[in-house]
Amino acid sequence: MNASQASKGEKGSKAALIALASIPLIMTLGNSMLLPILPQISKQLGVSAFQVSMIITVYGLIAILMIPIAGYLSDRFGRKMVILPSLILAALGGAGCVAAAWFFSGTTAYWIILAGRFVQGIGAAGAFPIVIPFVGDLFRDEKEVSKGLGIIETSNTFGKVLSPILGAYLGTLLWYAPFIAIPVLCLISCALVIFLVRTPKPDEEPDKQSLREFLSGIKEVLHERGRWLYAIFAIGGICMYATFGVLFYLSEILESRYDLHGASKGFVLAIPLALLCLASYGSGKIIGKNKPLMKWLGFGGMAVLTAAMLVTGFSQNIYFMVGLLSLAGIGIGVVLPCMDALITEGIKKESRGTITSLYSSMRFIGVALGPPVVSLLMNRGHWTLFFTMAGVGAVGGLLSFFAVTPSKKDAEGGGQPERSAFKAKKGGALRQRAR
């Protein structure tokens, strides 16, 4: 390959990364942007607070169930072949919500909106979770993979930063304006993927495995590497649990104690998220392909999260809390790109989509658990809430210290991950036949 071709390939990869980074941004906006306007939706449709909360919950629950299926399909048929229909599904679900708000009212509109969110959740399952392994496919150099994953996490977090501000602002224009934005943004992202993302050619023709063979291979991967994979799954879930639990807590007290609403509240909520976003970008830039560094940064980030939660329990002063919860956000921002890189670079391409989708499912579980668990803990007192949050963070820190253990080969800058036992057995059988 000459210098001109290499430069062209590099530009193409960067353009593809920009297109892929639009997906987590839009998927995050599509869910979190609704949080500030839930009270408005409740009033407009005449439904209870619990019923309106299901607009968020149904999206997350169906995504948790569908993500592993989407991961398998992406391994079997290709990442792009799953992402594009998923974005279209998410757009159709959003359009259904808009139609419900435009043509219907009351509980009829509510149930149609709920159905639209169900469809949107299916689309979300095949969009953002597939981006993580796609980045691993896109670059050959592990350092570039780490940088790319840092950008993906930054985009995801930037969506969280924008969500409370943009959702509150759009809600002042029209109560269902955030629903209108969702299909528009999904179609823009779909166009970017179509025109800018080229599926990289594999080094060798992939094996056409049956579902049974594929599941056997996944089982072997989990058996061989289960200790650190399960630890990373748990750490991802803990980070999301802490993020959304803290957001829920701040949102509640800013309204109830400080009478902050709309965009003003959104700007305060954006402070810890903005720092999380910057930390994700910085972490992705510096980790390169150094897996021991990923481990220790992950441990350090969990330690910062745990300490911040513990100290927050000693005071209810709003400035003190926002400052410490912002520090917790930095810790989470450092951890996530490290876990993304470890799980993406440590798994062979044939199984990468499914394994990373299991990781994404755990993150969605954390998102779903954060607000309801924190709402229950708030009734037991400020100290109890943050002592519990610190305890959960400590569990994540211990897992990162004891269970996330890069191999000696990785520590030396290691090349490709070892083949799974399934592949090794298959190769051995073929060699035996050849004899």
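A.B. asks: It is not clear to me how the overall build of the chain should be interpreted in this structure. Could you clarify?
C.D. replies: Counting its secondary structure elements, the chain contains 16 helices and zero strands. Here the analysis covers contacts within the chain between residues at least 6 apart in sequence; of these, 85% occur between residues at least 24 apart. When the accessible surface of the chain is split by element, carbon and sulfur atoms take 67% of a total near 19300 Å².

A.B. asks: Help me understand unusual backbone geometry, please; the structure alone is not making it clear to me.
C.D. replies: Trans is the prevailing form of peptide bonds, just as negative phi is the prevailing case for residues other than glycine. Located in the positive-phi region is Asp259, a residue other than glycine, with phi close to 55°. With respect to the helices, strands and loops of the structure, Asp259 is situated in the loop between α9 (211-256) and α10 (262-287). Residue Asp259 is classed as exposed on the basis of its relative accessible area of 58%.

A.B. asks: Would you mind going over the packing of aromatic side chains with me for this structure?
C.D. replies: The geometry of an aromatic ring pair is captured by the separation of the ring centres together with the interplanar angle, meaning the angle of the planes. Scanning the entire structure with this criterion turns up ten aromatic pairs. Residues Trp296 and Phe401 carry aromatic rings whose centres are separated by 5.5 Å and whose planes lie at 70° to one another, so their mutual orientation is edge-to-face. Residue Trp296 is located in helix α11 (residues 291-312), and its partner Phe401 is located in helix α14 (residues 382-402); the two are separated by 105 residues in the primary sequence. Judged by centre distance (5.4 Å) and plane angle (40°), the ring pair of Trp383 and Phe387 falls under tilted. Taken together, the residues Trp383 and Phe387, both in helix α14 and four residues apart, mark about one turn of the helix.

A.B. asks: I'm lost on helix α8 (residues 177-196) in this one. Help?
C.D. replies: Look at α8: 29 Å from first C-alpha to last across 20 residues, which is about the 28 Å you get at 1.5 Å a residue. Where α8 is concerned, the buried positions are Ala177, Pro178, Phe179, Ala181, Ile182, Pro183, Cys186, Ser189, Cys190 and Val193.

A.B. asks: Help me understand the packing of helix α4 (residues 79-103) against helix α6 (residues 128-138), please; the structure alone is not making it clear to me.
C.D. replies: For any two helices packed against each other, one specifies the inter-axial angle together with the distance between the axes. Where α4 meets α6, the axes come as close as 10 Å, and the angle between the chain directions of the two elements is 145°. α4 and α6 meet at a crossing whose hand is left-handed. Here α4 contributes Arg79, Lys80, Val82 and Ile83 to the contact with α6, which in turn contributes Ile130, Val131, Pro133, Phe134 and Asp137.

A.B. asks: It is not clear to me how the pattern of salt bridges should be interpreted in this structure. Could you clarify?
C.D. replies: Oppositely charged side chains are able to pair whenever their charged atoms sit close together. With the rule as written, the count across this model stands at four salt bridges. Asp75 serves as the salt-bridge partner of Arg79, at 2.7 Å between the closest nitrogen and oxygen. Here Arg363 ties to Glu153 by a salt bridge, and the two come within 2.5 Å at their closest N and O atoms. One end of the pair, Arg363, is in helix α13 (residues 349-378); the other, Glu153, is in helix α7 (residues 142-173), with 210 residues separating them in the sequence. Across this residue pair, the class does not change: Arg363 and Glu153 are buried. Ionic contacts of the salt-bridge type, sharing partners, join the residues Asp75, Arg79 and Asp137 into one network.

A.B. asks: Honestly, the environment of Met321 in this entry has me stumped. Any pointers?
C.D. replies: Assignment of secondary structure puts Met321 in helix α12 (residues 318-345). Judged by relative accessible area, which is 0%, Met321 ranks as buried. Expressed as a C-alpha distance, the spacing of Met321 and Val311, which sit ten residues apart in the sequence, is 9.1 Å. Not counting the four nearest positions on each side in its chain, Met321 is found in contact with Tyr249, Ile253, Thr312, Ser315, Gln316 and His382.

Reading the values: the criteria
- Residues numbered from 1 in each chain as written.
- Predicted model: local features only at pLDDT ≥ 70, side-chain atom pairs only at ≥ 80, totals over all residues.
- Heavy atoms only, no water.
- Helix = DSSP H or I, 4+ residues; strand = E, 2+ residues; numbered from the N terminus.
- Contact = heavy atoms within 4.5 Å.
- Areas by Shrake-Rupley, 256 points an atom, 1.4 Å probe, with all protein chains shown as cover.
- Buried < 20%, exposed > 50% of the residue type's maximum accessible area, 1.4 Å probe, protein only.
- Phe/Tyr/Trp six-rings, centres within 6.5 Å; stacked < 30°, edge-to-face > 60°.
- Expected span 1.5 Å × (residues − 1).
- Axes fitted to C-alpha atoms, helices over the stretch in contact; angles between N-to-C directions.
- Left-handed = near helix turned anticlockwise from the far one by under 90°.
- Salt bridge = Lys/Arg side-chain N within 4 Å of Asp/Glu carboxyl O.

The values reported here are purely geometric and, on their own, carry no functional implication.
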